[in-house]
Structure formats: C-alpha cells, structure tokens
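# Summary of the model geometry
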Amino acid sequence: MASTILRSRPANGHAAFIPQIRKLVFECCDRWPSSENTRTYLFTNLPKLAANNPHVEIVVRQRIHREPIIRGFYVNNRDKVIPLNGLSLPEITQKISLLLDASGAKIKPLKRKNVVSTTEAARGFWSGLHADRPVL
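Structural notes, computed from the coordinates. These figures come from a predicted structure and were not determined experimentally.

### Some details on the overall build of the protein chain
Of regular secondary structure, the protein chain possesses two helices and four strands. Walking the protein chain from its N terminus toward its C terminus, one meets helices and strands in the order β-α-β-β-β-α. Buried residues in the protein chain amount to 22% of all 136 residues. The contacts of the protein chain with a sequence gap of at least 6 include a subset with a gap of at least 24, amounting to 68%. Surface summary for the protein chain: the accessible area is close to 11400 Å², and the carbon and sulfur share equals 55%.

### Here we look at the sheet that holds strand β4 (residues 79-83)
Backbone-to-backbone hydrogen bonds pair the strands of a sheet. The strands run either parallel or antiparallel. Pairing is mixed in the open sheet, where four strands are placed in the order β2-β1-β3-β4. The sheet is open, and its two edges are formed by β2 (57-62) and β4, each paired on a single side. Across this sheet, the average inter-strand angle for adjacent strands is 15°, counted without regard to direction. Together, β1 (21-28) and β2 form the strand contacts of helix α1 (residues 36-52), whose direction differs from that of β1 by roughly 155°. Here helix α2 (residues 89-101) sits on the sheet in contact with β1, β3 (69-74) and β4, set at roughly 150° to β1.

### Let's talk about the packing of aromatic side chains
Applying the stated criterion to the full structure yields zero aromatic pairs. The ring of F73 carries the charged tip of K23 above its face, separated from the ring centre by 5.7 Å.

### What to know about the side chain of R39
Relative to the helices and strands, R39 is located in helix α1. Salt bridges are absent for the buried R39, whose nearest opposite-charge side chain, E36, sits at 5.2 Å. Within the structure, R39 has its side chain in polar contact with the backbone oxygen of W32 (distance 3.1 Å). Each residue touching R39, except ones within four places of it in the same chain, is listed here: C28, C29, D30, R31 and W32.

### Remarks on the packing of α1 against α2
Between α1 and α2, the shortest axis-to-axis distance is 10 Å and the interhelical angle comes to 55°. With respect to α2, the element α1 is oriented oblique. Remark: the crossing between α1 and α2 carries right-handed chirality. Where α1 approaches α2, its residues N37, T38, T40, Y41 and L49 are matched on the opposing element by L89, I92, T93, I96 and L100. Along the lines of polarity and charge, the residues of the contact of α1 with α2 split into six nonpolar, four polar and no charged.

What counts as what
Residues numbered from 1 in each chain as written. Predicted model: local features only at pLDDT ≥ 70, side-chain atom pairs only at ≥ 80, totals over all residues. Heavy atoms only, no water. Helix = DSSP H or I, 4+ residues; strand = E, 2+ residues; numbered from the N terminus. Buried < 20%, exposed > 50% of the residue type's maximum accessible area, 1.4 Å probe, protein only. Contact = heavy atoms within 4.5 Å. Areas by Shrake-Rupley, 256 points an atom, 1.4 Å probe, with all protein chains shown as cover. Pairing = 2+ DSSP bridges. Axes fitted to C-alpha atoms, helices over the stretch in contact; angles between N-to-C directions. Phe/Tyr/Trp six-rings, centres within 6.5 Å; stacked < 30°, edge-to-face > 60°. Lys NZ or Arg CZ within 6 Å of the ring centre and 35° of its normal. Lys, Arg positive; Asp, Glu negative; His and termini not counted. Salt bridge = Lys/Arg side-chain N within 4 Å of Asp/Glu carboxyl O. Polar contact = N/O pair within 3.5 Å; in protein donor to acceptor, adjacent residues only side chain to side chain. Parallel < 35°, antiparallel > 145°, perpendicular 65-115°, else oblique. Left-handed = near helix turned anticlockwise from the far one by under 90°. Nonpolar A, V, L, I, M, F, W, Y, C, P; charged D, E, K, R; others polar.

That's the geometry; what it means functionally is another story.
Below you can see the structure in the form of structure tokens.
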C-alpha cells in the first residue's frame, strides 16, 4: 500500500500571513500650517515605518494648498482615506496603524436587517379615516 501525504495550502492565519494593505500614500502641502505635524512625522518616522513594513509601498505626494490626507490601498482594490489636519504626532501614528491593520473590506452594520412581512398584519392597518368619531 502506498502511503499518502496530506497537504494543505497556506492561508491567512495558518502557515502564512498575507497583509491586506499594499500601498500608503501621504499627501500634504509644503506651506500650509495644518500640514506641519504631517511633515514632521514624515521627516522623523518615515524610515522606521518603511523598515517595519517592507510589504507596503510608501509614497509621499505633494498636495498644494489642501489639507493633508493619507490613503491606504488594499489587495481587494479598495482604498481608505483619512484626513490628518490638526492631528498630533501620536494621533497620526494611530491613524497609520489603523490603516495598516485594516482589511480594506467595506464596513458592515452589526445590527440585523429588519423583518419584512409578505402578508398583511393580523389586525389590519389603522386609518383615521375609517375610525368612528370620538364622543365628547
């Protein structure tokens, strides 16, 4: 008898992890004061961010006379945009980690859908036109 070897394909969480984000694009203005913290973050923390995430392409783009944003592009061809105006350096770090950890999937509501009936209610519908006039 020939012995058979069971094999399985690697998937997320098993033998390999496939990161869902593929690209981060920083867009900020060189002159606007609202982009100051974003520029400071890029000058100080960008090399460390690139070294810690080699699977992510990082692009810095100039956005003239507009508020700073960061765009995350994902494997499922979706993107997420987060504005960075008025955020401090730790808040910018939180927003970047939010994009890095996200899956790129559309946000789904946790509530269940409302029940829609195909038949009329047992008591019928109430209408003010068909009700008896109140006696005073």
